[in-house]
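In case you want the letters, here they are:
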Amino acid sequence: MSGEHYLELSEDPVQFEHASSVNNVFFDEANKQVFAVRSGGATGVVVKGPDDKSSVAFRMDDKGEVKCIKFSIGNKILAVQRTSKSVDFINFIPDYPHTEFTQECKTKNASVLGFCWTNWNEIVFITDQGIEFYQVFPDKRSLKLLKSQSINVNWYQYCPETAVILLSTTVQGNVLQPFAFRNGTMSKMSKFEIELPVVPKPAKLSLSERDIAMATIYGQLYVMYLKHHSRTANSPSAEVVLYHLPREGACKKSHVLKLNTTGKFALNMVDNLVVVHHQSSQTSLIFDIRLKEPDCAVNTHQPVLPARSIHPYRMPLSGPAVVPSQPPVPCQLYSSSWSVFQPDIIISASEGYLWYLQVKLPPTVNLLQDKGKLMDFLLRRRDCKMVILSVCSQILEGGEKGSLPVVATVFDKLNQVYKEYLEAEQSYTLAMESGPSRGSAAQKRPVRTQAVIDQSDMYTHVLSSFTEKKGVSHKFVIAVLMEYIRSLNQHQITVQHYLYELVIKTLVQHNLFYMLHQFLQYHVLSDSKPLACLLLSLESTYPPAHQLSLDMLKRLSTANDEIVEVLLSKQQVLGALRFIRSVGGHDNVSARKFLDAARQTGDQMLFYTVFRSFQQRNQRLRGSPSFNPGEHTHTHTHTHKVTLIILTPILNCM
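Residues numbered from 1 in each chain as written. Predicted model: local features only at pLDDT ≥ 70, side-chain atom pairs only at ≥ 80, totals over all residues. Heavy atoms only, no water.

Under an unreviewed UniProt entry, the name given to the chain is Regulator of MON1-CCZ1, and the organism recorded is Salarias fasciatus.

This is the structure:
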């Protein structure tokens, strides 16, 4: 079981003074800061964020019990709520007056339920009678009401990522009214109704704040409703209902997550996965709304993996009485004192810890047997590359029986993501080359995520080691390599030459020359200069490789120089000369290269023929058979004179 914990708490938690009779603990979801307030702030306030750089310590006058305390973005202004009628402010901007100033809510007889900072100088008061949107002027120590909205409010929730406030309205509390905030403006979004399992009679507040959470999943805002089962209903288990909340348009019920159990639950969001914690069983479930269940109704989801506990965590002891050798104490997971915040935060106020919840991908590999589904799951995760590559190796090393279709499915899924990235990169490049078009938004360069597994990754981490593995049928090895090339071609991705080289080396290693010949003859292996050169190197082992290489170079039509070099290296000087004439390059070619090769053959007649050929070229181009000094052919001219003396009697007889 220890290797199956796919959730864990962060190794370096934020530590703070635990809650006590003299120390109250608050959490700000926007800045991810914990406030430890001692004696109403008179004996100190310590603020700790995700990193030590954002830690702040200060004192403030004890003017009563602190109900809520939050910094504006950037720790510029502190807001403190002590009463149900007003909020106090303290400047933390250098050179600004540090004295407190107060703002009462505008609505008479209203009670302030809380407040949210939407910008460094913009704040929203949520009262039981509506919301009030203010701009703060720290230099003037005053606020200006920008906009307000009257509406009966039971409770509220705030999503800092999208700056959306959700208000619970009506007697039952199940009609939710969202408001969006951006650049000093407040927009009323479409209200929607949560479907309650049972409608109470007479009507009473039936939707609890505990059962609602807001989170961004795959870039879209969702309202998550934890729907507990009704004793009178047929369904015996709880479920999480997701409502998609767009900026414009109606909010719609879009997904249902089946929990298959009952009890107390809490929700987190990690790496676009909905995590549901179940207190009584001390386990957690994860859901991926992008994974479709073939045997379920549309957008109804079962857990991706079996329920598992968060990985055990041990807390180091602290304090003056701690002995250095004293071992860490196990943390009580799923404690009733835990508070869960969005998206991925768990706080134990009683122990003074703030953790980030994290997903561990390696344990998921053995828990999800369907490799296609596993690949879909992994490709959507943040740190997935090395896990995906290890899964590929695992599938290939697991034996060949019936696994080729699985291999093909995995390759296709990888190359689909690879192709999408290449197309996005190409689109961006074209947009940059053509310049910005009028009225269109600036195009962002596509981000290369870890899900982009390119040919180099596959070659380095999977295929090259796989071809060298002993005990695997060479037929299966070749089938796998060809399957990967097939998938690349199917997705219209240019195959890199080193993959073809891997195929050829594997074929040669097992003396499968007939198969190599067929692959080349039917263009299964695409033409390239590196591939042609590799074929040339195989000539001693497989003589026909020489001609196959030449044919490939000719088909490329951009490899004339290489063909000439190949023919000259084989002392086929006249063949090289005929070829260069056939492609119209005779007038510009270096005479010395051909004369060197002819001389090295030791065939005097051949040398004479080649020399005369270039003399005739010189006569045609320049009106003289002589070579230019820059062509460095004086040695060959002397050789020609000697050769001519030797060959004259023979030539006269011809």
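## Remarks on the sheet that holds strand 22 (residues 239-244)
To keep it simple, the criterion reads: Strands pair, by our definition, only if DSSP identifies at least two bridges between them. Helix and strand labels come from DSSP, where a helix needs a run of H or I of at least four residues and a strand needs a run of E of at least two; each type is numbered from the N terminus.
Spatial strand order, 20-21-22-23-27: five strands in an open sheet with mixed pairing. Each edge of the open sheet carries a strand with a single partner, namely strand 20 (212-217) and strand 27 (300-301). When strand 23 (residues 252-258) meets strand 27, the two strands line up parallel, connected through two bridges. Looking at strand 27, one finds that Leu257 is bridged to His301.

## What about the pattern of salt bridges?
How we decide: Just to be clear on terms, a salt bridge is a Lys or Arg side-chain nitrogen sitting within 4 Å of an Asp or Glu carboxyl oxygen. For each residue, the accessible area found with a 1.4 Å probe, counting protein chains only, is set against the maximum for its type, and the residue is called buried under 20%, exposed over 50%, and partly exposed in between.
Here the structure, examined in full by the defined rule, presents 17 salt bridges. Close ionic contact of Arg308 with Glu4 constitutes a salt bridge, the shortest N to O distance being 2.7 Å. One end of the pair, Arg308, is in the loop between strand 27 and strand 28 (314-315); the other, Glu4, is in the segment before strand 1 (7-9), with 304 residues separating them in the sequence. Here Glu4 falls in the partly exposed class, since its relative accessible area comes to 26%. The salt bridge involving Arg82 is made with Glu100; its shortest N-O contact spans 3.5 Å. Remark: Glu100 occurs in the loop between strand 9 (86-91) and strand 10 (101-104) and Arg82 occurs in the loop between strand 8 (77-81) and strand 9; sequence separation between them is 18 residues. Residue Arg82 is classed as buried on the basis of its relative accessible area, which comes to 7%. Taken together, the shared-partner salt bridges in this structure form one network comprising Lys63, Arg82, Asp88 and Glu100.

## Focus: the sheet that holds strand 8
Let me state the cut-off plainly: Between N-to-C directions, angles span 0 to 180 degrees; the directions come from axes that are lines fitted to C-alpha atoms, helices contributing only their stretch in contact.
The strand order across the open sheet built from four strands is 7-8-9-10, with neighbouring strands paired in antiparallel fashion. Strands with a single pairing partner mark the edges of an open sheet, and in this sheet they are strand 7 (68-71) and strand 10. In this sheet, adjacent strand axes meet at a mean angle of 20 degrees when their direction is disregarded. As paired strands, strand 8 and strand 9 are joined by four bridges and run antiparallel to one another. Bridge pairing in strand 9 places Val80 opposite Asp88.

## Structural notes on helix 4 (residues 404-434)
Helical geometry: 3.6 residues make up each α-helical turn, so side chains three or four residues apart lie on a common side. Inclusion rule: What a helix should span is 1.5 Å times the count of its residues minus one. We call two residues in contact when some of their heavy atoms are within 4.5 Å.
An ideal rise of 1.5 Å per residue puts 45 Å on 31 residues; helix 4 measures up with 44 Å between its terminal C-alpha atoms. Within the span of helix 4, buried status applies to Val407, Ala408, Val410, Phe411, Leu414, Asn415, Tyr418, Lys419, Tyr421, Glu425, Tyr428 and Ala431. Each element contacted by the buried residues of helix 4 is listed here: helix 2 (371-379), helix 3 (385-397), helix 5 (455-467) and helix 6 (474-490). In the segment just after helix 4, Gly435 is the residue with positive phi, at about 85 degrees.

## Section: the packing of helix 2 against helix 4
Just so we agree on the cut-off: The labels follow the angle: roughly parallel below 35 degrees, roughly antiparallel above 145, roughly perpendicular from 65 to 115, and oblique for the rest. In a left-handed crossing the near helix is turned counterclockwise from the far helix by less than a right angle, and in a right-handed crossing that turn is clockwise.
At their nearest, the axes of helix 2 and helix 4 sit 9 Å apart, and the two run at 20 degrees to each other. Judged on the interaxial angle alone, helix 4 and helix 2 are roughly parallel. When you trace helix 2 past helix 4, the crossing you get is right-handed. On helix 4, the residues touching Lys371, Gly372, Met375, Asp376 and Leu379 of helix 2 are Val406, Thr409, Val410, Lys413, Leu414 and Val417.

## Remarks on the confidence of the model for the chain
Counted only if it meets this: Along the chain, pLDDT gives the predictor's confidence residue by residue, from 0 to 100.
On average, residues of the chain score 84 in pLDDT, and 88% of them reach the 70 mark or higher. The model gives residues 319-323 a pLDDT under 50, and that stretch makes one contact with residues more than four places away or in other chains.

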